[in-house]
Amino acid sequence: MAIKKVGLFAIVLMFAAALMAGCSGSNAGNDNPAGNGGQTGGTAETERQDLKPAELKMVLLGDVPADLDVMLGELNKLIQRDLNATLSIEYLAWSDWTQKYSLILASGEPIDLIYTSDWAKYVSEATKGAFLEITDEILTKYMPLTKESQDPISFEQAKINGKIYFVPKNSASFNNEKAVAIRGDLREKYGMGPLASLDDYRTYLDNVAKNEKGILAYAASQDNGFIQELVHEQGNNIINVGTYFQYSWSDHDNLTVDKVEYKYDSPSFAEFAKEMKEWANKGYWSRNAISNKTSVRDAFENGTSASMVWNAGTVSQAASKILQAHPEWKPEVYDVTPDSIKRLGLYTADGMAVPISSKNPERAFMLLDKLKNDREYYELFQMGIEGKHWIRIDDVLWKEGPDFERFSAGANGQWGVNNAKFRRSKEGAFPAEAELDKIWRTKVVHPITETFVFDETNVKNELAALEQLRTKYRPMLTLGMADNVEATIQEWRDQADKAGLKKVEEELKKQLQAFLDARK
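Everything quoted here is computed from the prediction, not taken from an experiment.

Okay, the packing of helix α15 (residues 361–373) against helix α16 (residues 375–383) next. The geometry of α15 relative to α16 is characterised by a closest axis approach of 5 Å and an angle of 85° between their N-to-C directions. With respect to α16, the axis of α15 lies roughly perpendicular. Two secondary-structure elements touch here, α15 through Leu-367, Lys-370, Leu-371, Lys-372 and Asn-373 and α16 through Arg-375, Tyr-377, Tyr-378 and Phe-381. Within the contact of α15 with α16, the residues separate by chemical class into five nonpolar, one polar and three charged.

Within helix α11 (residues 225–234), eight of the 10 residues are buried, which leaves the element mostly enclosed by the surrounding structure. The set of residues buried in α11 consists of Gly-225, Ile-227, Gln-228, Leu-230, Val-231, His-232, Glu-233 and Gln-234.

Within a sheet, adjacent strands bond to each other through the backbone by hydrogen bonds, running parallel or antiparallel. Taking strand neighbours across the sheet as the criterion, the three strands line up as β11-β7-β12 in an open arrangement whose pairing is antiparallel. The open sheet has two edge strands with one neighbour each: β11 (307–311) and β12 (331–334). Neighbour to neighbour, the strand axes of the sheet diverge by 25° on average, direction disregarded. Inspection of the sheet shows strand β7 (residues 178–183) paired to β11 by five bridges, in the antiparallel sense. Paired with Lys-178 across the bridge in β11 is Asn-311.

Relative orientation of the contacting elements helix α3 (residues 68–83) and α15 amounts to 125°, with a least axis distance of 12 Å. If you check the angle between α3 and α15, you find them oblique. By crossing handedness, the relation of α3 to α15 is classed as right-handed. Each of Leu-75, Ile-79, Asp-82 and Leu-83 in α3 lies in contact with α15, whose residues at this interface are Arg-363, Met-366, Leu-367, Lys-370 and Leu-371. The class makeup of the residues in the contact of α3 with α15 is six nonpolar, no polar and three charged.

A separate point is the packing of aromatic side chains. All chains considered together, the criterion is met by 23 aromatic pairs. On the basis of an interplanar angle of 55° and a centroid distance of 4.7 Å, the ring pair of Phe-226 and Trp-310 is categorised as tilted. Taken together, the residues Phe-226 in helix α11 and Trp-310 in strand β11 connect sequence positions 84 residues apart. A residue is classified by how much of its surface remains accessible, and Trp-310, at 21% relative accessible area, is partly exposed. A centroid spacing of 5.4 Å and a plane angle of 50° characterise the contact between Trp-279 and Tyr-284, whose relative ring orientation is tilted. The class for Trp-279 is buried, based on a relative accessible area of 3%. Tyr-284 gets classed as buried once you look at its relative accessible area, which sits at 1%. Clustering of aromatic rings is evident, with ring pairs tying together Tyr-244, Phe-245, Tyr-262, Tyr-264, Phe-269, Phe-272, Tyr-473 and Trp-492. Of note, Lys-426 hangs over the ring of Phe-404, and the distance from its end group to the ring centre comes to 4.7 Å. Positioned above the aromatic ring of Tyr-244, the side-chain terminus of Arg-470 is 5.9 Å from the ring centre.

What follows is about the sheet that holds strand β15 (residues 397–400). In spatial order, the strands read β14-β15-β16; together these three strands make up an open sheet with mixed pairing. Looking at the sheet topology across the chains shown, the edges are occupied by β14 (390–392) and β16 (425–426). With three bridges joining them, β14 and β15 adopt antiparallel strand pairing. Bridge pairing in β15 places Arg-392 opposite Trp-398.

Rules behind the numbers
- Residues numbered from 1 in each chain as written.
- Predicted model: local features only at pLDDT ≥ 70, side-chain atom pairs only at ≥ 80, totals over all residues.
- Heavy atoms only, no water.
- Axes fitted to C-alpha atoms, helices over the stretch in contact; angles between N-to-C directions.
- Helix = DSSP H or I, 4+ residues; strand = E, 2+ residues; numbered from the N terminus.
- Parallel < 35°, antiparallel > 145°, perpendicular 65-115°, else oblique.
- Contact = heavy atoms within 4.5 Å.
- Nonpolar A, V, L, I, M, F, W, Y, C, P; charged D, E, K, R; others polar.
- Buried < 20%, exposed > 50% of the residue type's maximum accessible area, 1.4 Å probe, protein only.
- Pairing = 2+ DSSP bridges.
- Left-handed = near helix turned anticlockwise from the far one by under 90°.
- Phe/Tyr/Trp six-rings, centres within 6.5 Å; stacked < 30°, edge-to-face > 60°.
- Lys NZ or Arg CZ within 6 Å of the ring centre and 35° of its normal.

This is the structure in structure tokens:
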């Protein structure tokens, strides 16, 4: 352990020294193209020659695109030209990313850029010291385009004790609000009208489960998180505070820390878990759902499931794909919680960090600046090769290229560099996403806790133990697999108490109280 700590400290010192040298105006050994000033046309050749060759590694989440190497071949031509570097990308699969993510960072393996976010271990890893701090000096020297164009609110949302450890995306969307996609032909078959509520969705699931053979009502998998967000959280107007705590929106205007409760033995969660047992018993999903590794989207698109739950963009993309392949299924998208509060996702819902283990941190920041702000880099990284994976129609519209499926735009884990400035609309896109976006923006609320960030430093061991318990018990309850819901919740709570839940709750409420006091 002592050797590893010294190594990390040395990396920090070297990075700080390089940064100080760059700020002093010296170019000797400097890994920075001086005077770039944020130009998007590439660094001057004389500046590029000051950069020693570097091999950069990026880690993303998701499934490996079939044409990843094809895209990288073209992207590396740009990176080589401008930054005298090359990039490789490793993907952590959805099935086990939560376990591998922390391990790969703790291993000390050289990584130069990694996806992170408020839902993907940003706070927990940043407070462990896994990521380099993003200072104003770094932005000025290595990320001038980002400093100029990034919404300042995004950096405010990313702060932990006043410091920033990743660069959030530069777009805000309804990425956390859940919508539902269904088979319109089946809805019509059972004489149902358009879905207008959770009860309508329950009726649809019931009809499919009772009458259809060879197709699941909903292909639940893993921890059934999207159904929990739809039914438990949106259905009850619940605001999350970190992973383990929540409060009701009805308490928002007079929020006190006493109204914040532990989520997993709350009355609302217990009610939800009992309903999930009913859904499981009715056969809405497979009894093997807990080990199912097929995503709800894939199951819906391939016809083994009659519905899917995801954000409006993803369900609309799936509906569009089905409309082309199986128009007779008549895909439809609905907001089944129309009366719930609507919240724009935080900028911190996606982003990129430079790990402490990076051997080329300056070059990593420079590349990130390009990927986020240079259209040529951005579209190649996000959408693949023009003419092959996607086809430009005009400055706004695009359509699928002949090899679109081998590098599907927006589906390859590159969300960490999302920038609304470069957003394009797909020709013939399913209209639901735009329609829901227009409606939801009239209903947006901003919880007082929206920018609260829990510093986990003092309770990281307890949180690690609580996460192990959540991994064990949550899927049983959210998938309706527990024989006795109340007994399982109590068993989980007893184990959580032993793991240090009280200490975590006290620490969170202490920080939240300070946050609320500062806003008065």
